[in-house]
Amino acid sequence: MADVPPSDLRIGDSERENALTALAEHMSAGRLDIDEYGDRTAKVAAAKTRGELLALFTDLPAPHPV
């Protein structure tokens, strides 16, 4: 079996919940407006891999999903 790049590893519900918590902190801090928050949370719910999840945080400071 070939090695899978870390960004292609599949995620589960706990990773999605962690990402949603981080996004809520960014919205509370004023970094995301309600529309951006809604868009990103929908993408978190649909994310299948680490790469898809982490791509939603490239323009944000910490916190990021673990």
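Throughout, residues of each chain are indexed from 1 in the direction in which the sequence is written. Local features in this predicted model are restricted to residues whose pLDDT is 70 or higher, and side-chain atom pairs enter the listing and the counts only when it is 80 or higher, whereas totals over whole chains, interfaces and linings include all residues. The side-chain values count all of the structure's non-hydrogen atoms but skip hydrogen atoms and water molecules.

Asks: Honestly, the packing of helix α1 (residues 13–28) against helix α2 (residues 34–46) in this entry has me stumped. Any pointers?
Replies: Two measures define how a pair of helices packs: the angle their axes make with one another and the distance between the axes. Put simply, α1 and α2 touch, their axes get as near as 10 Å, and they point 175° apart. One way to sum up the angle between α1 and α2 is to call them roughly antiparallel. Of the residues in α2, those in contact with Arg16, Ala19, Leu20, Leu23, Ala24 and Met27 of α1 are Ile34, Tyr37, Arg40, Thr41, Val44 and Ala45. Polar here means any residue outside two lists: the nonpolar Ala, Val, Leu, Ile, Met, Phe, Trp, Tyr, Cys and Pro, and the charged Asp, Glu, Lys and Arg; Gly therefore counts as polar. Among the residues forming the contact of α1 with α2, the class breakdown is nine nonpolar, one polar and two charged. The axes used here are C-alpha line fits, helices contributing only the stretch in contact, and every angle between their N-to-C directions lies in the interval 0 to 180 degrees. The way it works is that DSSP assigns letters per residue, a run of H or I at least four long becomes a helix, a run of E at least two long becomes a strand, and they are numbered from the N terminus. Just so you know how the angles are binned, under 35 degrees is roughly parallel, over 145 roughly antiparallel, 65 to 115 roughly perpendicular, and the rest oblique. A contact between two residues is defined here by any heavy atoms of the two lying within 4.5 Å.

Asks: Hey, could you run me through the environment of Arg50 in this one?
Replies: Here Arg50 is to be found in helix α3 (residues 50–54). Only protein chains enter the accessibility calculation, which uses a 1.4 Å probe; a residue whose area is less than 20% of its type maximum is buried, one above 50% is exposed, and one in between is partly exposed. For Arg50, a relative accessible area of 42% translates into the label partly exposed. Along the primary structure Arg50 and Ser28 are separated by 22 residues, whereas in three dimensions their C-alpha atoms are 24 Å apart. Apart from the residues within four sequence positions on either side, Arg50 is in contact with Pro6, Ser7, Leu9 and Ile11.

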